[in-house]
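Take a look at the letters that make up each chain.
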Amino acid sequence: MTAMVKAEGVHKSYGAAHILKGIDLEVAPREVFCLVGPSGSGKSTFLRCINHLEQINAGRLSVDGRLVGYREKGDKLYELKDSEVAAHRRDIGMVFQRFNLFPHMTALENVMEAPIQVKGEAKAVARERAERLLDRVGLGDKSRNYPSQLSGGQQQRVAIARALAMEPKLMLFDEPTSALDPELVGDVLDVMRGLAEDGMTMIVVTHEMGFAREVGDALVFMDDGVVVEAGNPRDVLTNPQHDRTKAFLSKVL
Amino acid sequence: MTDKFDKAPAEEPPEDSPVAKAEATPASTPPPEQIKAIPVRHWGRWASGVIVVALFGMLIYAFSQGNVQWGTVGDFIFDDRILAGMGRTLLISVLSMAIGLVLGVVFAVMRLSKNPVTGAVAWLYIWFFRGTPVFVQLLLWFNLALIFPILNIGFYKDEMIDVMTPFMVALLGLGLNEGAYMAEIVRAGIQSVDEGQTEASHALGMNNSKTMRRVVLPQAMRVIVPPTGNEFINLLKTSSLVAAVTYVDLTRAAQNIGSTSFAVMEMLLVASVWYLVLTSIFSVGQYYLERRYARGSLRTLPPTPWQKVKRNLSLSSFSSPRGA
C-alpha cells in the first residue's frame with residue numbers, strides 16, 4: 001500500500017529562520033494522523049507544505065505518489081506551473097485555524113463555490129451536494145446565513161463542509177479548534193470523528209490530546225523542527241519516551 | 001456570537017425555571033413605575049441655535065437685496081445650451097471615470113505584481129499623474145501639437161491638432177489623472193483583504209485569476225466603493241476645468257451665455273444648481289452601491305432612507321418613540 005503522504009528529509013526555512021530540520025514521516029491511507037507539539041515547532045508549517053502553500057527547501061514530499069510542487073524527469077526537478085499546483089490541491093482539503101470562510105458568500109455559496117469554479121460542476125449538482133454536506137455537519141438550517149451570522153464553531157463546520165465539497169482524498173486540519181470557545185470545540189470534533197469513521201485520511205495539527213488519543217491512529221510529537229517521538233497515540237500520550245515529550249505533555253494534559 | 005445565542009429563542013424554558021414562573025403569573029409583579037423627572041435645560045443649544053438661524057437669515061436677506069435677476073436664473077435653467085453643456089459634463093465625467101477605473105485596476109495589479117518592471121512603471125505613472133495638477137495636465141494635452149505636430153503610431157498617422165479635439169483633451173486629461181488616483185484606491189482595497197482568503201481559495205484548487213475575481217475583488221469592493229463614489233463626485237466638479245481647453249461643458253456653456261447676455265452671476269448660479277442636482281443624484285446611487293457591497297460584513301444591513309422614513313412615520317403616528 002503506497003503512503004498517502006510521504007516526507008523524506010523535508011527542510012524549510014524563512015531567510016535565516018530554520019523551521020523544519022529534516023522531517024521524515026509516512027501517512028497511510030484512511031489514517032488519522034495527529035501532529036502535536038509546542039507552538040513554533042513547525043507543525044503548521046509542515047502541514048502547509050503538504051498542499052504547497054509553503055515551498056520546501058530540501059528533501060522530498062509526495063502526496064499519493066505525486067511529488068508536491070515539482071515534476072521529476074530523469075534526475076532533474078521541474079517546478080510545476082500554477083495551474084498544475086492548483087490541480088494537485090483539488091484532492092487535498094484544508095481547514096484553517098481562523099476558518100477563512102468567504103465573508104461575502106452565504107454558508108451554502110461557500111460550499112458550492114469551489115466545485116463550480118474549479119470542476120465546472122453544474123449549479124444544481126453543486127447545490128444538492130452542498131446542502132447534503134451542511135446537513136452532515138449539522139447546519140442544514142443555516143445554509144442561507146453569512147459567516148458573520150454564525151458562531152465560531154458553526155463557521156468551522158461550514159469550512160469543513162467547504163473542503164469536503166471537493167471530495168478530497170486527504171484532509172489537512174490546522175489547529176481547527178484553537179480559535180473556538182471551549183464549549184464549541186465538541187461540535188467540531190464530532191464532525192471530525194465522523195469523517196474519521198468514514199475512512200477519510202486526515203492529518204490533524206491539534207492541542208486536543210483527548211481527540212488524538214481517542215480518534216488518532218498515529219501521533220507525531222514535533223519540537224524545534226524535528227520529529228521527537230512517533231507512534232500510537234495511546235502509547236505516546238500515556239508513556240512518552242523522550243524528555244521533551246514528557247515536559248510538553250505534563251503542561252497540556 | 002455563540003451557539004447558545006442561536007439556540008436560545010428556539011428552546012422552551014423548563015417549567016420550573018424562574019423565567020417560566022414570572023411569565024405564568026404576571027399579576028404578581030406589577031410593572032415598575034416610570035421615572036418622572038424634570039429634564040435638563042440645554043440653554044447653550046438654544047443660544048447657538050438662535051445665532052445660527054440669525055446668521056442664515058442675514059445671508060438670505062443679503063442675496064435678496066443683491067442685484068441678482070432671479071427671473072433670469074429661472075429663464076435659463078432649462079435652456080438648450082445649458083442642457084447640452086450638462087450632457088457633455090455628464091458624458092466626459094462618466095467616460096473619464098470609466099477610463100480611470102480600468103486604468104486603476106490595471107495599474108493596481110501591476111504595482112502589486114511580482115514583476116519589478118511592471119511595478120516600477122505603475123509607480124512612475126502614479127507618481128507623475130498624481131503629482132502634477134490636473135489643470136496643468138489638461139493644458140499639456142491641449143498643447144501637445146507644439147512638440148508633436150504629427151501623430152504617427154505606425155498604422156495611424158494624422159495632424160496632432162486634428163486628433164486633439166477639445167473632447168479628446170478633456171477625456172485624456174481627466175481619465176489619465178483619475179486612473180492614478182483609482183490605482184491607489186484599488187490597491188488599498190486589494191491589500192485590505194485578509195491573506196487567509198487567498199490561502200483558502202488556493203487550498204480549494206482555485207487559480208490566481210479566479211481567486212482575484214471571485215474572492216479578493218468582491219471583498220476589496222467594500223473598501224473601494226466609498227472612495228470611488230467620492231472620486232466620481234469630485235470628477236463631476238473638476239470636469240469644469242475643461243472649460244479652459246474650449247470643451248463646451250456645463251461651465252463653459254453657462255459662461256458663454258453669461259458673457260453675451262450680461263448675466264454672469266445668474267448663469268453661474270444656473271450651473272451651480274445643475275452641479276448640485278448631479279452630485280445629489282450620484283450620492284444617492286453611491287449609498288445603495290455601498291449597501292450592496294456590505295453584504296456579509298454587517299449582520300444587518302442599514303435601512304434605506306425610504307425604509308427610515310416609513311419607520312419614523314409609523315412610530316410617530318402610533319406612539320411616542322420613547323415609549324417604544
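None of the values given here were measured: they were computed from a predicted structure.

Reading guide: rules and limits
- The residue numbering used here restarts from 1 in each chain and proceeds along that chain's sequence as written.
- Chain letters start at A and ligand numbers start at 1, both assigned in the order the entries are written.
- Only residues with pLDDT of at least 70 are given local features in this predicted model, and only at 80 or more are side-chain atom pairs given and counted; all residues enter the totals for whole chains, interfaces and linings.
- In computing side-chain values, all of the structure's heavy atoms are included and hydrogens and water are not.
- UniProt positions are given in the numbering used here, feature names are shortened, and annotations may be inferred rather than shown by experiment.
- The helix and strand labels rest on DSSP assignments: H or I over at least four residues marks a helix, E over at least two residues marks a strand, and numbering proceeds from the N terminus.
- For every element, the axis is a line fit to its C-alpha atoms; helices are fit only across the contacting stretch, and the angle between N-to-C directions ranges from 0 to 180 degrees.
- The cut-offs work like this: below 35 degrees is roughly parallel, past 145 is roughly antiparallel, 65 to 115 is roughly perpendicular, and the gaps in between are oblique.
- Helix crossings fall into two classes, left-handed where the near helix is turned counterclockwise from the far one by less than a right angle and right-handed where it is turned clockwise.
- It only takes one pair of heavy atoms within 4.5 Å for two residues to be counted as in contact.
- Helix span, as expected, comes to 1.5 Å for every residue beyond the first.
- Only protein chains enter the area calculation, which uses a 1.4 Å probe; residues under 20% of their type maximum are buried, those over 50% are exposed, and those in between are partly exposed.
- In this description, one arc is meant: the one made by directions from the helix axis to the C-beta atoms.
- Here, a salt bridge means any side-chain nitrogen of Lys or Arg that lies within 4 Å of a carboxyl oxygen of Asp or Glu.
- Joining two parts hides part of their accessible area as seen by a 1.4 Å probe, and the buried area is that hidden amount summed over both.
- Amino acids outside the nonpolar list (Ala, Val, Leu, Ile, Met, Phe, Trp, Tyr, Cys, Pro) and the charged list (Asp, Glu, Lys, Arg) are all regarded as polar, and Gly is one of them.
- Strand pairing is defined by DSSP finding a minimum of two bridges between the two strands.
- Nine residue types can take part in a nonpolar core, namely buried Ala, Val, Leu, Ile, Met, Phe, Trp, Tyr and Cys, and a core is a set of them joined through side-chain atoms within 4.5 Å.
- Pairing of aromatic rings covers Phe, Tyr and Trp, the last counted by its six-membered ring, and requires centre-to-centre distances within 6.5 Å; plane angles under 30 degrees mean stacked, over 60 mean edge-to-face, and any other angle means tilted.

## Considerations on the UniProt feature "transmembrane region" (unreviewed entry) in chain B
All names here are of chain B. In the UniProt entry, the feature "transmembrane region" (unreviewed entry) is given for residues 43–63, 90–110, 122–151, 163–183 and 268–289. Measuring from the first to the last C-alpha atom of residues 122–151 gives 24 Å, for a span that is 63% helix and 7% strand. Within residues 163–183, the helical portion is 90% and the strand portion 0%, while the C-alpha atoms at the span's ends are 27 Å from each other.

## Digging into the environment of E128 of chain A
One can find E128 of chain A in helix α4 (residues 123–136). For the pair E128 of chain A and M222 of chain A, spaced 94 residues apart in sequence, the C-alpha to C-alpha distance is 41 Å.

## A few points about the packing of helix α5 (residues 80–112) of chain B against helix α6 (residues 116–131) of chain B
All names here are of chain B. Where α5 contacts α6, the two axes come as close as 7 Å, and the packing angle between them is 130°. Taken together, the axes of α5 and α6 are oblique relative to one another. Like other packed secondary-structure pairs, α5 and α6 cross with a definite hand, here left-handed. Of the residues in α6, those in contact with L103, F107, M110 and R111 of α5 are T118, G119, V121, A122, W123, Y125 and I126.

## What about helix α12 (residues 250–261) of chain B?
All names here are of chain B. With 12 residues, α12 extends 17 Å from end C-alpha to end C-alpha; this agrees with the ideal 16 Å at 1.5 Å per step. Those residues of α12 lying buried are L250, T251, A253, A254, I257 and G258. Buried residues of α12, seen end-on, are gathered within an arc of 165° and therefore sit on one face of the element. If you follow the buried residues of α12, they end up packed against α4 (70–76), α5 and α13 (264–293). Two residues or fewer past α12, F262 is found with a positive phi of approximately 55°.

## Re the pattern of salt bridges
A complete count under the given rule lists 24 salt bridges over all chains for this structure. Two residues, E84 of chain A and R71 of chain A, come together in a salt bridge whose shortest N-O distance is 3.0 Å. Taken together, the residues span a long stretch of sequence, with E84 of chain A in helix α2 (residues 82–89) and R71 of chain A in strand β6 (residues 70–73) at a distance of 13 residues. Judged by its relative accessible area of 22%, E84 of chain A falls in the partly exposed class. For D79 of chain B, the salt bridge goes to R81 of chain B, with nearest N and O atoms at 3.1 Å. When its relative accessible area of 15% is taken as the criterion, D79 of chain B is described as buried. Look at R81 of chain B and you get partly exposed, because its relative accessible area is 48%. Connected through salt bridges with shared partners, the residues D64, R66, D91 and K169 of chain A form a single ionic network.

## Digging into the UniProt feature "domain: ABC transporter" (unreviewed entry) in chain A
The UniProt record annotates "domain: ABC transporter" (unreviewed entry) at residues 5–249 of chain A. Secondary structure within residues 5–249 of chain A divides into 38% helix and 28% strand; the distance between the first and last C-alpha atoms comes to 26 Å.

## What to know about the interface of chain B and chain A
The interface is formed by 27 residues belonging to chain B together with 37 residues belonging to chain A. Here chain B meets chain A over a buried area of about 2,700 Å², counting both sides, of which 52% is carbon and sulfur. Run the count over chain B and chain A and you get two salt bridges. With a closest N to O distance of 2.7 Å, E199 of chain B and R48 of chain A form a salt bridge. Going through the elements one at a time, α1 (3–7), α10 (195–203) and α11 (208–238) of chain B are the ones with two or more residues in the side of chain B that touches chain A. The residue makeup of the side of chain B that touches chain A, split by class, is eight nonpolar, nine polar and 10 charged.

## Some thoughts on the pairing of strand β12 (residues 226–231) of chain A
In terms of strand pairing, strand β11 (residues 218–223) of chain A meets β12 of chain A through five bridges, oriented antiparallel. When the bridges of β12 of chain A are listed, M222 of chain A appears paired with V227 of chain A.

## A closer look at the UniProt feature "domain: ABC transmembrane type-1" (unreviewed entry) in chain B
Under the present numbering, the feature "domain: ABC transmembrane type-1" (unreviewed entry) in UniProt falls on residues 86–286 of chain B. Taken as a whole, residues 86–286 of chain B contains 79% helix and 3% strand, while its terminal C-alpha atoms sit 20 Å from one another.

## Some points on the nonpolar core
Core analysis: the largest hydrophobic core is formed by 50 residues, its most contacted members being I82, Y125, V242, L250, M267, V270 and W274 of chain B. Elements represented by at least two residues in this core include exactly α4, α5, α6, α7 (134–142), α9 (166–192), α11, α12 and α13 of chain B. Ranked by the residues each element gives to this core, the list is headed by α9 of chain B, at 11 residues. Setting aside its immediate chain neighbours within four residues, Y125 of chain B contacts L103, F107, L176, G179 and A180 of chain B. Of all hydrophobic cores here, the second largest spans 49 residues; its members include L139, M192, A196 and L219 of chain A.

## Examining unusual backbone geometry
Residues and elements named next belong to chain A. The backbone phi angle of N100 is positive, close to 55°, even though this residue is not glycine. With respect to the helices, strands and loops of the structure, N100 is situated in the loop between β8 (92–95) and α3 (107–119). When its relative accessible area of 8% is taken as the criterion, N100 is described as buried.

## Concerning the sheet that holds β8 of chain A
All names here are of chain A. Taken in spatial order, the six strands line up as β8-β9-β10-β3-β11-β12 in an open sheet, and their pairing is mixed. In this open sheet, the two edge strands, each paired with only one partner strand, are β8 and β12. When strand polarity is set aside, the average angle formed by the axes of neighbouring strands in this sheet is 15°. Against the sheet, helix α6 (residues 182–197) contacts β3 (32–36), β9 (170–174) and β10 (201–205), and its axis sits at roughly 145° relative to β10.

## Comments concerning the packing of aromatic side chains
Residues and elements named next belong to chain B. Counted according to the given criterion, the structure contains nine aromatic pairs over all chains. Measuring from ring centre to ring centre gives 6.1 Å for W123 and W127, while their planes differ by 10°; the resulting arrangement is stacked. You can see W123 and its partner W127 sitting in helix α6, four residues apart, about one turn around the helix. Residue classification places W127 among the exposed positions, given a relative accessible area of 53%. Seen in terms of ring centroids, F167 and Y247 are 6.0 Å apart; in terms of plane orientation they differ by 50°. Their pairing is tilted. Of the two residues, F167 is situated in helix α9 and Y247 in the loop between α11 and α12; the sequence distance between them amounts to 80 residues. Residue class for Y247 comes out buried when judged on its relative accessible area of 7%. An aromatic cluster of at least three residues, connected via ring pairs, comprises F107, Y125, F128 and F129.

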